[in-house]
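Structure at a glance
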Amino acid sequence: MAKISLENWSEKIRDPEIECMSREEMKALQSEKLVKQVKNVYENVAFYRKKMDEAGVKPEDIRSIDDIGKLPFTTKEDLRENYPFGLLAVPQSKIARVQGTSGTTGKLTLASYTEKDVDVWGECVARALTMAGLTEEDKLHVCYGYGLFTGGMGLDLGARALGCMSIPMSSGNTQRQLMCMEDFGATAFACTPSYAMYLAEAAKEAGVVERLQLKAGINGAEPWTDEMRHQIEDTLNVNCFDIYGLCEITGPGVACDCIHHKGLHVYEDHFFPEVLNPVDHTPCAEGETGELVFTTLSKEGMPLIRYRTKDLTSIEYGKCECGRTLPRIQKFTGRTDDMKVIRGVNVFPTQVEAALLSIGEGVAPHYMMVVDRENNLDVLTVMVEVDEKYFSDEIRKLEALKKKIELALKQALGVAVKVKLCEPKSIQRSEGKAKRVIDNRNL
Amino acid sequence: MSYTINQLSVFLENKEGRLDSVLKTLGAGDVNIVALSLADSSEYGMLRMIVSEPEKGVMVLKEAGYMAMLTEVIALRVPHAAGSLSKAMHAIMETGVNIEYMYAFANGEDASAVLKCNDAEKAAEALRKSGFDLYEADEAYHKVVI
Ligand SMILES: [Zn+2]
């Protein structure tokens, strides 16, 4: 098995009725679900009743999905204040499982799922796996972490719903991952894009690529570029797909991209997306970038109303070439909190990545941004690993390369950047979310 | 007979212990160093070496995670006469070949210089025509052990 070209691709759609529904029908379905959900949270969650009362909104005011703007927002801070079970709409005895993420502040963000919530989650991931070309014949090697983190469990639930074999490897121990991949004949693998890069490199070095039977990679949970995707696809001879999710909403499976890679299709029958202006929270026009906000239309355990994801994206509603009418969110330009303000300019790691790759095949995508403050001035240093393809033993040529990277970064970011060339593999690889920025400014 | 030889070049970050670690890695691989030069910028350095087995040197260093490569250079025996190195450089430059860098090493009675030119073959030919003595690969790689 191997990578399939677009011409030879045959699209499979798990739930055509939903995934190809007309916009009118979808709005009617969403309206019906929203009205029910708002009534449910008003009656069963003290937090929402209080918020709605304060905002002067009654459940009766919400008659269709177009009324969603009347509802107050929910934030991560609200989740933290109501940790762990304060936002449940059902008794704890109805909760089948919990999943969570550890935040930088130390406290967990916990999400609770009823049996039905778990089923919906699995179904959404199964839709995504189908979109990636998987069927019940496939074997999915999952190297996302299992545990409270939603990655491993989410893909596992998806494999179960689809009826394919799940290989629950969890993260770490790359040599063992490759051995099992080969021995069990995995046809697809799921992990973060940065780990996929690492895995691809390791497979190439070990010379096992030819012996693997992979055809697809399901890689998400952190921002990545098309260049990174191409590199993984070319090294492992697979098609890679971007899966998105966040544990508060459900975990992976909120959205996934299709073979056309024109954005990630959102499963809007369960997760209603809004893209709002980050400053005044008014709706953005189609294609305009803003903060992604979700309302869980089907959730029973811990429904979220207008949850602010802090992810920046834009949304497109046109029918996709794959046949789906599900709207597509674009690759994230960053997170409102990953964004670094350097000398007044907003800088995102994804911009650095795109710039590094654009200056030529020579530059490996491994880099780290370090922000310091020297004499009250922000200084951005980008550490870049030197790569065999352009390595020279002449300092003059290396200095020229450094200048070239500095120029490309300055043009892409709009702020001066210092480049530091580093030895290969000296920048830490991560097996979970890649850490691309170190901020030493103590802001 | 070829008068160009392979130099082993290694990229080094300016971090404590990196040079020592390269030397140890080569030592453990039984690769002996004949000549060595370290050029550096403020952030990184370039270690250039003539070693007993250049290909093996690249292999053991790459395995240890270093960025290492082979570069074609010429090794010149510098006669004990005033101005002879200058004469050698002129002989090269007259052919239009550029010298990118050079370093000298002493070797018992002899003084020697390693030269990196943009056209090693042409530079070697010019030097030979002008009567200079160049090391052949086998001779250079096994000259003296540091
Ligand atoms: Zn599509």
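Described below are features of the structure shown in this document. These numbers were taken from a predicted model, which means no experiment stands behind them.

Conventions and cut-offs
- Residues numbered from 1 in each chain as written.
- Chains lettered and ligands numbered in written order.
- Predicted model: local features only at pLDDT ≥ 70, side-chain atom pairs only at ≥ 80, totals over all residues.
- Heavy atoms only, no water.
- Helix = DSSP H or I, 4+ residues; strand = E, 2+ residues; numbered from the N terminus.
- Buried < 20%, exposed > 50% of the residue type's maximum accessible area, 1.4 Å probe, protein only.
- Contact = heavy atoms within 4.5 Å.
- Pairing = 2+ DSSP bridges.
- Axes fitted to C-alpha atoms, helices over the stretch in contact; angles between N-to-C directions.
- Phe/Tyr/Trp six-rings, centres within 6.5 Å; stacked < 30°, edge-to-face > 60°.
- Lys NZ or Arg CZ within 6 Å of the ring centre and 35° of its normal.
- Buried area = accessible area lost by both parts, 1.4 Å probe.
- Salt bridge = Lys/Arg side-chain N within 4 Å of Asp/Glu carboxyl O.
- Polar contact = N/O pair within 3.5 Å; in protein donor to acceptor, adjacent residues only side chain to side chain.
- Nonpolar A, V, L, I, M, F, W, Y, C, P; charged D, E, K, R; others polar.
- Arc of directions from axis to C-beta.
- Donors = N, O, S within 2.8 Å, 3.2 Å for Na, K, Ca; no water.
- Tetrahedral: all angles 85-135°; square planar, octahedral: opposite > 155°, others 65-115°.
- Core = buried A, V, L, I, M, F, W, Y, C linked by side-chain atoms within 4.5 Å.

Here we take up the overall build of chain B. If you tally the helices and strands in chain B, you get 5 helices and 7 strands. Taking all 146 residues of chain B together, 49% fall into the buried category. In chain B, once contacts between residues fewer than 6 apart in sequence are set aside, the share between residues at least 24 apart is 69%.

All names here are of chain A. The strand order across the open sheet formed by 9 strands is β4-β3-β5-β6-β7-β8-β9-β14-β13, and the pairing between neighbours is mixed. Every other strand in the sheet has two partners, leaving β4 (165–168) and β13 (315–316) as the edge strands with one partner each. Of the strands in this sheet, β3 (139–142), β4, β5 (188–191), β6 (216–220) and β8 (251–257) are in contact with helix α6 (residues 150–162), which crosses β8 at around 65°. Across the face of the sheet, helix α9 (residues 226–236) comes into contact with β5 and β7 (239–246) while running at roughly 135° to β7.

Considering all chains together, one arrives at 7 aromatic pairs over all chains under this definition. Aromatic pair Trp9(A) and Phe241(A): ring centres 5.9 Å apart, planes at 45°, arrangement tilted. Highlighted residues: Trp9(A) in the segment before α1 (16–19) and Phe241(A) in strand β7, separated in sequence by 232 residues. Side by side, Trp9(A) and Phe241(A) carry an identical accessibility label, which is buried. Considering the side-chain rings of Tyr113(A) and Trp121(A), the 5.1 Å spacing of their centres and the 20° angle between planes classify their relative orientation as stacked. Each of the two residues, Tyr113(A) as well as Trp121(A), counts as buried. A cation over an aromatic ring shows up here: Arg49(A) above the ring of Tyr42(A), its NZ or CZ 6.0 Å from the ring centre. The ring of Tyr135(B) has Arg77(B) lying over it, and the distance from NZ or CZ to the ring centre is 4.4 Å.

Each regular strand shows side chains that alternate between the opposite faces of the sheet. Residues and elements named next belong to chain A. Of all 7 residues making up strand β11 (residues 290–296), 7 are buried, and the element is well covered by its neighbours. Direction of pairing for strand β10 (residues 271–276) relative to β11: antiparallel, over a ladder of 6 bridges. Across the sheet, Pro273 pairs through a bridge with Phe294, a residue of β11. The pairing of β11 with strand β12 (residues 307–313) spans 4 bridges and is classified as antiparallel. In the strand pairing of β12, Phe294 is matched with Tyr307.

Facing the 24 residues of chain B at the interface are 19 residues of chain A. Taken over both partners, the interface formed by chain B and chain A buries close to 1800 Å², and the fraction arising from carbon and sulfur atoms is 56%. Our count for the contact surface shared by chain B and chain A stands at 5 salt bridges. Where chain B touches chain A, the interface holds 11 residue pairs in polar contact (both at pLDDT 80 or more). Those elements that provide at least two residues to the side of chain B that touches chain A are β1 (5–13), β2 (33–40), β3 (44–51), β4 (67–78) and β5 (99–107) of chain B. Of all the elements, β1(B) adds the most residues to the side of chain B that touches chain A, at 6 residues. Its residues assigned to classes, the side of chain B that touches chain A shows 11 nonpolar, 5 polar and 8 charged.

Turning to α9(A), a few remarks are in order. All names here are of chain A. Along α9, the positions that sit buried rather than exposed are Met228, Arg229, Ile232, Glu233 and Leu236. Buried residues of α9, seen end-on, are gathered within an arc of 130° and therefore sit on one face of the element. Contacts made by the buried residues of α9 are with β5, α8 (193–206), β7 and α10 (349–358). Note on α9: the residue one or two positions beyond its end, Asn237, has a positive phi of about 60°.

Residue and element names in this part refer to chain A. Note on the zinc ion: its protein donors are Cys258 (SG), His265 (NE2), Cys320 (SG) and Cys322 (SG). The metal-donor distances range over 2.1 to 2.3 Å. Bound by 4 donor atoms, the zinc ion shows angles of 104 to 116° at the metal and therefore tetrahedral coordination geometry. Expressed as a motif, the donor residue spacing for the zinc ion is C-x6-H-x54-C-x1-C. Here His265, found in strand β9 (residues 264–266), pairs with Cys322, found in the loop between β13 and β14 (328–329); they are 57 residues apart in sequence, far enough to count as distant.

Formed by 79 residues in total, the largest nonpolar core has its most connected members in Leu140(A), Ile218(A) and Tyr244(A). Counting residues per element, this core draws most heavily on helix α5 (residues 115–131) of chain A, at 9 residues. Non-local contacts of Leu140(A), meaning those with residues more than four positions away in its chain, are made with Leu129(A), Leu134(A), Leu155(A), Ala159(A), Cys164(A), Met165(A), Ser166(A), Ile167(A), Ala188(A), Phe189(A), Ala190(A) and Ile218(A). One finds Phe391(A), Leu409(A), Val415(A) and Met46(B) within the second-largest nonpolar core, a separate group that totals 32 residues.

Attention shifts here to helix α2 (residues 54–63) of chain B. Residues and elements named next belong to chain B. Looking only at α2, the buried set comprises Pro54, Gly57, Val58, Val60 and Leu61. The inward-facing, buried residues of α2 contact β1, α1 (18–28), β3, β4 and α5 (137–141). Looking at the residues trailing α2, positive phi occurs at Gly65, about 90°.

Below, the discussion takes up unusual backbone geometry. With the exception of glycine, the majority of residues adopt a negative phi angle, and the majority of peptide bonds are in the trans configuration. Residue and element names in this part refer to chain A. With an omega dihedral of -5°, the bond running from Tyr83 to Pro84 counts as a cis peptide bond. Note that Pro84 resides in the loop between α4 (76–81) and β1 (95–102). For Ser170, which is not a glycine, the phi torsion comes out positive at approximately 65°. Mapped onto the fold, Ser170 is located in the loop between β4 and α7 (174–184). Residues other than glycine seldom take positive phi values, yet His261 does so here, at roughly 50°. Note that His261 resides in the loop between β8 and β9.

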